[in-house]
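Topology and contacts: notes
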Amino acid sequence: MQYVTLGSSRLSVSRVCLGSMTWGCQNNQADADEQLNYALAQGVNFVDTAEMYAIPPTADTYGATERIIGDWLARTQQRNNIVLATKMAGSGLAHVRQGGEMTPQTLIEAVDGSLQRLQTDYIDVYQLHWPNRVSPHFGRHKPGRISFTEVDAQQQTEQMHGLLQALQHCVQAGKIRYCGLSNETPWGISQYLKLSEQHGLPRMVSIQNEFGPLHTKDWPYLIEQCVHENIAYLPWSPLAGGALTGKYLGGARPAGSRWSMLQRNGLFRDTPESEPAIAAFTALAAAHGYSAAELALAWVDQVDGVSATIIGATSLAQLQQNIAAFSRPLTTAILDDVAQFLQQHPQPY
C-alpha cells in the first residue's frame, strides 16, 4: 500500500480510502466489520463516512453508517490505527435539521452528533458535504443548469466565514483535527483559503468530488488548483455509482443494486451517452486483461493530482478486487487506449 500526506495536514493516509455509504442499507454490521478488517489488513488506514449515510438517504438510515463504524471502533480498539473522515450534510434533506442550511451553530451540533455515533473523542477530517449554494455536481454541471449570476457572493462568503469560525471552535476544543470540502468548486475553494488566511482560521486540507473515466469535469482546472494550493484531491464514485462494472448495461437493474433504488438526485448517470461509453470501456478493459472496474480504479489512481481514491463495495469479493486494482500498473499502451476512449466518449453524464 502506498501512502501520501493529506494536503497541508500532518496526516499520512493510504492512497485507497474505504468508503462506507452502503453500510446500514445494502450492508449490515457484520458486512462492515468484514470490510473494515480486510481493508486494514491490506494497509488501508483511511475511512470516509458522513452523517447522512446510509445511501439512499432516508430518515430511517440517517446516521446508521456512523453508528456501525462506532460499534466496530468500540469493539476493536482500532481508533488510533485509522484516519477517520466524516461530513456534515448541507441543505435539502427534510429529515436533517429540517432541510436547513449549514450554520455555525448547526455545524457544532453536527460535530457532536457524529462524535457520539462514532464513539470517538475526535474526528481526523471533518468535511462540508456540499455547499449552501447550489453547486455544479450530481448532474447539474451542464450549461444553463445553474444561474451563477443570481448567487449573492457576499452572503455566501459571509456564511463560509461563519462556518470556518465554527470549525475553529471545534479544532480548539479537540473535537476535530482538520477540515475539508466536498462537492465544491474552484471559487468555493478560493473563498475558503482567502478567509482562512485573512482571519487566521483553519485551512481546508482536502476536497472530495466525483471523478472517474466517465466523469472528468474537474480536470484540469480544479485539480490544478488543488495541486498548487496543496489541497488533497479525493475522487469519489470512480466507478460511476457502479455503472462501470457493466451490471446496468442493456437496462438491467439487479435486485438490491443502487440503480434499483430510489435516488435523491435521480439516475443522472443513466443517459443515452452512458450506455455506449460503458460498453466501450468494458471492451477496452477486457482487451488488456482487466475488468472495467479494475481499469477504472487503476486509471484514476495514476491521474496527476489525485491523492487518494474513495472506493466502496457491497461484498468482500468486490472490495478485494477493488483494492487489488491499485497494485496493477498501467502500460503506455493501455493509457493511450484510455486517452482515445476519453476523446471518443467525453463526459457521457
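Scroll up a little and you will see the structure.
A short tour of the structure in this document, coming up.

Definitions and cut-offs
Residues numbered from 1 in each chain as written. Predicted model: local features only at pLDDT ≥ 70, side-chain atom pairs only at ≥ 80, totals over all residues. Heavy atoms only, no water. 1 Å grid on protein atoms, 1.4 Å probe; cavity = no way out; pocket = protein on both sides within 12 Å on 5 of 7 lines; lining within 4 Å. Points joined across faces, edges and corners; volume = space filled by probe spheres on them. Helix = DSSP H or I, 4+ residues; strand = E, 2+ residues; numbered from the N terminus. Nonpolar A, V, L, I, M, F, W, Y, C, P; charged D, E, K, R; others polar. Buried < 20%, exposed > 50% of the residue type's maximum accessible area, 1.4 Å probe, protein only. Salt bridge = Lys/Arg side-chain N within 4 Å of Asp/Glu carboxyl O. Core = buried A, V, L, I, M, F, W, Y, C linked by side-chain atoms within 4.5 Å. Contact = heavy atoms within 4.5 Å. Pairing = 2+ DSSP bridges. Right-handed = clockwise from strand over helix to strand, strands pointing away.

Here's the deal with empty space enclosed by the protein
A water-sized probe, rolled over the atoms, reveals where empty space remains. What the rule picks out here adds up to 1 cavity of 30 Å³ or more. Its boundaries defined by the atoms lining it, the largest cavity holds a volume of some 40 Å³. Every residue lining the largest cavity is listed: Met102, Pro131, Asn132, Arg133, Gln156, Gln159, Met160, Leu163, Glu184 and Tyr192. At 4 residues, helix 4 (residues 153-172) tops the list of elements feeding residues into the lining of the largest cavity. Residue classes in the lining of the largest cavity are distributed as 5 nonpolar, 3 polar and 2 charged.

So, unusual backbone geometry
Of note, the amide linkage connecting Tyr53 to Ala54 takes the cis form, showing an omega dihedral of 25°. Cis peptide bonds are those with omega within 30 degrees of zero, and the linkage from Trp219 to Pro220 qualifies with 5°. The topology assignment puts Pro220 in the loop between strand 8 (204-210) and helix 6 (221-229). Residue Ala240 is not a glycine yet carries a positive backbone phi of 55°. Mapping Ala240 onto the fold places it in the loop between strand 9 (232-236) and helix 7 (274-287). Its relative accessible area of 1% is what places Ala240 among the buried residues.

A word on the pattern of salt bridges
For the structure shown, the criterion picks out 16 salt bridges. For the salt bridge of Asp112 with Lys175, the shortest nitrogen-to-oxygen distance reads 2.8 Å. Here Asp112 is found in helix 3 (residues 104-118), whereas its partner Lys175 is found in the loop between helix 4 and strand 7 (176-182), with 63 residues between them in sequence. Taking relative accessible area as the criterion, Asp112 reaches 33% and is therefore assigned partly exposed. The closest approach of N and O atoms between Glu210 and Arg269, which form a salt bridge, is 3.0 Å. Taken together, the residues span a long stretch of sequence, with Glu210 in strand 8 and Arg269 in the loop between strand 9 and helix 7 at a distance of 59 residues. Across the pair, exposure class does not vary: Glu210 and Arg269 are buried alike. In this structure, a network of salt bridges that share partners links the residues Glu51, Glu66, Arg97 and Arg117.

Thoughts on the nonpolar core
Judged by nonpolar contacts, the single largest core of 99 residues is most densely connected at Leu6, Phe46, Leu107, Tyr126 and Leu295. The element that contributes the greatest number of residues to this core is helix 8 (residues 292-302), accounting for 8 residues. Among residues more than four places away in sequence, those in contact with Phe46 are Leu6, Val13, Ser14, Val16, Cys17, Leu18, Val83, Ala85, Leu234 and Ala308.

Some words on the layout of surface pockets
Taken as a whole, the largest pocket holds about 940 Å³ of empty space. In terms of lining residues, the largest pocket is bounded by 49 residues, among which Met21, Trp236, Ser237, Gly241 and Arg258 are the most central. Elements represented by at least two residues in the lining of the largest pocket include exactly helix 8, strand 10 (309-311) and helix 9 (316-325). Here the lining of the largest pocket takes 4 residues from helix 8, the largest share from any one element.

Points about the side chain of Gln191
Along the chain, Gln191 turns up in helix 5 (residues 186-199). Judged by relative accessible area, which is 10%, Gln191 ranks as buried. Residues contacting Gln191, with those up to four places away along its chain left out, are Thr157 and Met160.

Observations regarding the pairing of strand 9
With respect to burial, strand 9 is a largely interior element, 5 of its 5 residues being buried. With burial as the criterion, each face of strand 9 is covered, one bearing Ala232, Leu234 and Trp236 and the other bearing Tyr233 and Pro235. Where strand 8 meets strand 9, 5 bridges bridge the pair, whose relative direction is parallel. Bridge pairing in strand 9 places Gln208 opposite Leu234. At this point the chain moves from strand 8, through helix 6, to the parallel strand 9, and the crossover so formed is right-handed.

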